[in-house]
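# Secondary and tertiary structure notes
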Amino acid sequence: MSSSVTPTSKPVKTTGLHVGDAAPGVRKVDPILIADGVRRTFGGLTAVDVEHVEIPRGAITALIGPNGAGKTTFFNLLTGFDKPDTGTWSFDGRSLAHVPAYRVARMGLIRTFQLTKSLALLSVMENMKLGAKNQVGENLFRSLIPSIWRKQDGEIEAKAMELLTRFKLDAKKDDYAASMSGGQRKLLEMARALMSDPTLVMLDEPMAGVNPALKQSLLDHILDLKASGMTVLFVEHDMHMVRHIADWVIVMAEGKVVAEGDPHKVMENPAVIDAYLGAHHDTDLGADSEHVEALKELIDDEQ
Amino acid sequence: MDWGAIFGNAAVELISPTTAAYALAALGLAIHFGYTGLLNFGQAGFMLLGAYGYAIPALKLGWPFWACVLTALAASVIFALILGIPTLRLRADYLAIVTIAAAEVLRLIFTTNEFRAVTGSANGLSEFQVDLLALNPFPPGRYGFGPFVFDNRVWFFLVIAWIVVAIAAVFTWLIMRSPWGRVVKGIREDEDAVRALGKNVYSYKIQSLILGGLLGTLAGILFVLPRAVVPSYFQPTLTFVIYAVLLLGGAATILGPIVGSIVFWVLLSFFSGFVSRAVTAGWFPFMTQVQAGQLRFILVGVAIMLIVVFMPQGLLGNKKELAFVK
Ligand SMILES: Nc1ncnc2c1ncn2[C@@H]1O[C@H](COP(=O)(O)OP(=O)(O)O)[C@@H](O)[C@H]1O
Ligand SMILES: [Mg+2]
């Protein structure tokens, strides 16, 4: 994962997000999501064991950590796609424990998946329209009478068109999502998530498998989300990218939050270096050597 | 060889009430499988509930026909809820297992002698159409044109059957082009993605199961109107034949199930007439009439295999989709 891509202009970082020292579980000035004692085990393996973590509102937070650290599982737990053994967590002050995934989404917490989930045999436009909230025509009885839903459907289509144009997918609007490249599908999934005007967007490895040209635009889109008032939490392996766009970084290893902080400082934290090198020693995953590479590059970069 | 009779009998299947019933049952499966991706292997069970749900109140309670129809539909909804509530939260295959088993359980309940007084057990029930036939607007007698000569009873059932099919097709078309249909098609593609967009996937799957089941139940009524209700009609093979009809026509289409049913029945009648007369004429000296009766299903099976191999999207399916089938 060579990181030749850098944003065109240097993004404006949000600072002053936390209260006190930047330690794991540090309090935030204005948290949008708070998790406490969230634990998930698979048989004997503890995939997630987060004591306390807060996600700052209105900022871009990166969740990093070696493969198998539990980032995706943590995402699944927070969004109702998986059930923890124990734990409570709240979004915008409302408890999310035992709330089913679709209700979490309706509250304004929208996520994307590490393995892209485009709806292959639906057109790009249909994919987009599915993202809109409160559609009257989604009720079986009302669906029978087009005059009830047609006007709203037109508005949704106009909004979808606007987003597709922004994401440069407008030319493909009538094609099956299946006909698009992996990177375009990532873009579509992100654009679709925006159809519901979420307050918190959680992106699981939005850049994975995306070619450099598209990476650039994805990156700008993520910055746009923040500019339009949304909070972003994203998982990413590309350290350069993290450093460039994230306002805050949370590091997970073996299910736990091991470090938190400003993207420039967190990399110097011995716990972070440990996390990556530790994972590198334990396992022999090719991908992990990438992290170490990236980490070394970054440390060099900082000096 | 009486080719006229062979073609004439085949032509009758173009419009027979049975063709309409199979088309309707397949349309129900199109909602389940073609649009929502639900694997219902118990469509025969929904049809059975239509047949008995109609016949039992008509015969044993003397209820008017509309009350019998409503009874059948209510039974169908309850059956769908029993099948769907525990399984639709689980992986897709669980519904398949539970539906095929539940349909068999129903058939065996209606076959057993325990409930003979109500169900007629293996002999089934007949003469339950009296109330409906009182409304027959066709004057007594046999009439028609070309090969389509039927008595007034058959004409009546035939017209009812195709009107119901037409209404069901328009209904299905309306819901599938709406935002409701969009959600359901999204669920077919990836239910987690749809869930992540704030849709109550479980509720949509149950709605879809109920709707497709209701069409199956109506199909069961249409199927038995021209005949007696016998439990052995509702074997698992009935479900498989209806799947064949659906795949033949095109799984995610409105007219596919109708075209599929017509092609299926016309082919079946044609092969059956041809083989039977060929055996009589001594063309196949190695074969008896009984074997000839089996052969027609083999020929239809081969014909369907050929269509599915060379036209996997079905007669009316969208060829473009094929490029992306995993
Ligand atoms: N459904 C599952 N069953 C068993 N183990 C799982 C399951 N999901 C994740 N895991 C395990 O949990 C750990 C964390 O995985 P994951 O959350 O995918 O990590 P990350 O996204 O940080 O790479 C890994 O060891 C993984 O093998
Ligand atoms: Mg992951």
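Everything below is about the structure printed above this text.
If you're wondering where the values come from, they're calculated on a predicted model, not measured in any experiment.

Before going further, it helps to spend a moment on the interface of chain B and chain A. Chain B puts 30 residues into the contact, and the matching count from chain A is 33 residues. For the pair chain B and chain A, the two sides together bury roughly 3000 Å², of which 66% comes from carbon and sulfur. Summed over the shared surface of chain B and chain A, the number is three salt bridges. Across the pair B:Arg182 and A:Asp153 runs a salt bridge, and its minimum N-O distance is 3.1 Å. Put simply, chain B and chain A have 12 residue pairs in polar contact (both at pLDDT 80 or more) between them. At the level of elements, α8 (152-176), α9 (179-189), α10 (191-196), α11 (201-224) and α15 (319-322) of chain B are the ones that each hand at least two residues to the side of chain B that touches chain A. Broken down by element, the side of chain B that touches chain A gets its largest block of residues, eight residues, from α9(B).

With that settled, the discussion passes to the coordination of the magnesium ion (ligand 2). Residue and element names in this part refer to chain A. Ligation of the magnesium ion (ligand 2) by protein atoms is provided by Thr72 (OG1) and Gln114 (OE1), these donors lying 2.0 to 2.2 Å from the ion. Note that Thr72 is positioned in helix α1 (residues 71-78) and Gln114 in the loop between β6 (109-111) and α3 (124-130), a separation of 42 residues in sequence. You can call Thr72 partly exposed: its relative accessible area is 28%.

So, on to the sheet that holds strand β5 (residues 94-95) of chain A. Residues and elements named next belong to chain A. Spatial strand order, β2-β1-β4-β5: four strands in an open sheet with antiparallel pairing. The strands lining the two open edges of the sheet, one partner per strand, are β2 (45-56) and β5. Relative to β5, strand β4 (residues 86-91) is paired through two bridges, and the arrangement is antiparallel. Each bridged residue has a counterpart across the sheet, and for Ser90 the counterpart in β5 is Ser95.

Before going further, it helps to examine the packing of aromatic side chains. Under the counting rule described, the total for this entry stands at 24 aromatic pairs over all chains. With a centroid separation of 5.0 Å and an interplanar angle of 70°, the aromatic rings of B:Phe46 and B:Phe79 are classed as edge-to-face. Here B:Phe46, found in helix α3 (residues 43-61), pairs with B:Phe79, found in helix α4 (residues 65-87); they are 33 residues apart in sequence, far enough to count as distant. Note on B:Phe79: relative accessible area 9%, which makes it buried. Grouping aromatic residues by their ring pairs yields a cluster made of B:Trp3, B:Phe7, B:Phe270, B:Phe271, B:Phe274 and B:Trp283. A cation sits over an aromatic face here: A:Arg111 above A:Phe113, 4.2 Å from the ring centre. Its guanidinium or amino end placed over the ring of A:Phe113, A:Lys117 lies 5.0 Å from that ring's centre, counting from NZ or CZ.

Residue and element names in this part refer to chain A. Close contacts around ligand 1 come from Phe42, Leu45, Ala47, Pro66, Asn67, Gly68, Ala69, Gly70, Lys71, Thr72 and Thr73, and that covers them all. Here an oxygen atom of ligand 1 and a backbone polar atom of Gly68 are 2.8 Å apart. In this structure, an oxygen atom belonging to ligand 1 sits 2.8 Å away from a main-chain N or O atom of Lys71. A total of 560 Å² of accessible area belongs to ligand 1 in isolation, and the protein chains cover 60% of it. Elements with a minimum of two residues in the shell around ligand 1: β2 and α1. Broken down by element, the residue count for the shell around ligand 1 peaks at three residues, all from α1. Partitioned by chemical class, the residues of the shell around ligand 1 number five nonpolar, five polar and one charged.

Scoring rules and cut-offs
- Residues numbered from 1 in each chain as written.
- Chains lettered and ligands numbered in written order.
- Predicted model: local features only at pLDDT ≥ 70, side-chain atom pairs only at ≥ 80, totals over all residues.
- Heavy atoms only, no water.
- Contact = heavy atoms within 4.5 Å.
- Buried area = accessible area lost by both parts, 1.4 Å probe.
- Salt bridge = Lys/Arg side-chain N within 4 Å of Asp/Glu carboxyl O.
- Polar contact = N/O pair within 3.5 Å; in protein donor to acceptor, adjacent residues only side chain to side chain.
- Helix = DSSP H or I, 4+ residues; strand = E, 2+ residues; numbered from the N terminus.
- Donors = N, O, S within 2.8 Å, 3.2 Å for Na, K, Ca; no water.
- Buried < 20%, exposed > 50% of the residue type's maximum accessible area, 1.4 Å probe, protein only.
- Pairing = 2+ DSSP bridges.
- Phe/Tyr/Trp six-rings, centres within 6.5 Å; stacked < 30°, edge-to-face > 60°.
- Lys NZ or Arg CZ within 6 Å of the ring centre and 35° of its normal.
- Near = heavy atom within 4 Å.
- Areas by Shrake-Rupley, 256 points an atom, 1.4 Å probe, with all protein chains shown as cover.
- Nonpolar A, V, L, I, M, F, W, Y, C, P; charged D, E, K, R; others polar.

Keep in mind these values describe shape, not function.
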